[in-house]
Amino acid sequence: MALNPAASPPGPGDELVVWGRATSANVQKVLWALHELGQPYRRIDAGGRYGIVDTPEYGHLNPNRRVPTIQHGGLTLYESNAIVRHLARRYGGVLMPATENEVAVAEQWMDWAATTFTPAFTGVFWQVVRFAPENRDDAELERQLQRLSAAARIADARLAGSEWLGGQTL
C-alpha cells in the first residue's frame, strides 16, 4: 500500500511508522513521546498539503481520515492520546508512572488537557493567529481568554505541588 509516492510503504516486523505531517500538534505529541522514549520510527507526511488522508487506503487505516495514525508491528492505531498511552505501556520509561494510581492521575491530566485546556487555547489561537484583525470577534476572544485563564489557573495550582501535571514523572 504505497499511499505517498515519495515514501516507501510500511515495512514488516516491528517497525514503527507514524503517518502525519510534522506541523500537526497531535502528530507532534506522538513524536515527542517517541523522542522521550528513544524509540526509532519512520514518519510519512500525510494530511494538510500532503493529502493522502482522503484516499481509500488511508481510510482503511483510519476511518476518521485524520492524523496521526501509527502502524506498529501488526497494530494500526489512531488518536494521539491512545497512541501515547500505547507507547508508554509498551516501552515504559519516563512516560510510565510506577503505580496504578499514578497512571490513573496521569491519564486524568492527559484527558483534562484534551477536554479543558486545548479547546480554550484553540479558541484564542483562532481569534489571534488564524483570523485577520478585521475578522476577529472581540467578544469571542474575551470569552476564550477567560476560559484559557481559568484552565491555566488549574494547571498552575497543580504544578505548584507537582513537577508535571500528571505527577512526578513526564
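These lines cover the structure that appears in this document, whether it is placed above or below. Keep in mind it's a predicted model, so treat the numbers as computed, not measured.

Another aspect to go through is the side chain of Gln 127. With respect to the secondary-structure elements, Gln 127 resides in helix α4 (residues 100-130). Gln 127 gets classed as buried once you look at its relative accessible area, which sits at 6%. For Gln 127, the side chain forms a polar contact with the main-chain nitrogen of Asp 137, separated by 2.8 Å. Dropping the residues within four chain positions of it, Gln 127 is found in contact with Arg 136, Asp 137, Glu 140 and Leu 141.

Moving on, we come to the packing of helix α1 (residues 25-37) against helix α3 (residues 80-91). The contact between α1 and α3 brings their axes to 9 Å, and the two run at 10°. When the axes of α1 and α3 are compared, the pair comes out roughly parallel. On the side of α1, the interface is formed by Asn 26, Lys 29, Val 30, Ala 33, Leu 34 and Leu 37, while α3 contributes Ser 80, Asn 81, Ile 83, Val 84, Leu 87 and Tyr 91.

Turning next to the nonpolar core. Ranked by internal contacts, the top residues of the largest apolar core, which has 24 residues, are Val 18, Trp 19, Val 30, Tyr 58, Ile 70 and Leu 87. Of all the secondary-structure elements, those providing two or more residues to this core are β1 (16-19), α1, α2 (56-61) and α3. In terms of residues, this core owes the most to one element, α1, which gives 6 residues.

It is worth spelling out the pairing of β1 at this point. The two faces of β1 match: Leu 16 and Val 18 on one face and Val 17 and Trp 19 on the other face are all buried. Relative to strand β3 (residues 69-72), β1 is paired through 4 bridges, and the arrangement is antiparallel. For Trp 19, the partnering residue across the bridge sits in β3 and is Thr 69. Sheet topology note: the β1/strand β2 (residues 42-44) ladder contains 3 bridges and is parallel. Bridge pairing in β2 links Trp 19 to Ile 44. One crossover worth recording links β1 to the parallel β2 by way of α1, and it is right-handed.

Looking at where Gln 28 falls in the secondary structure, it is placed in helix α1. In the structure, Gln 28 is positioned 83 residues away from Asp 111 in sequence and 17 Å away in space, judged by C-alpha atoms. In this structure Gln 28 touches Ala 22 and Thr 23, once residues within four positions along its chain are discounted. Reaching out from Gln 28, the side chain makes a polar contact with the backbone oxygen of Ala 22 at a distance of 2.9 Å.

Rules behind the numbers
Counting of residues starts from 1 at the beginning of each chain's written sequence and follows it residue by residue. pLDDT decides what is reported in this predicted model: residues at 70 or higher carry local features, side-chain atom pairs at 80 or more are listed and counted, and totals for whole chains, interfaces and linings draw on all residues regardless. Neither water nor hydrogens contribute to the side-chain values; these are computed over all heavy atoms in the structure. Put simply, DSSP marks the helices as runs of H or I at least four residues long and the strands as runs of E at least two long, and each gets a number from the N terminus on. Residue exposure (1.4 Å probe, protein chains only): buried if accessible area is under 20% of the type maximum, exposed if over 50%, otherwise partly exposed. Counting of polar contacts relies on pairs of N or O atoms within 3.5 Å, with two restrictions inside protein: one atom must be capable of donating a hydrogen and the other of accepting it, and residues adjacent in sequence are counted only when both atoms are side-chain atoms. Residue contacts are counted whenever heavy atoms from the two residues lie within 4.5 Å of one another. Helix axes use the C-alpha atoms of the stretch in contact, all axes being lines fitted to C-alpha atoms, and the angles between their N-to-C directions lie in the range 0 to 180 degrees. An angle below 35 degrees is read as roughly parallel, one above 145 as roughly antiparallel, one from 65 to 115 as roughly perpendicular, and any other as oblique. Residues enter a nonpolar core if they are buried and are Ala, Val, Leu, Ile, Met, Phe, Trp, Tyr or Cys, with the set joined through side-chain atoms within 4.5 Å. DSSP calls a pair of strands paired once it identifies at least 2 bridges connecting them. When the strands point away from the viewer and the connection leading from the first strand across the helix to the second strand turns clockwise, the crossover is called right-handed.

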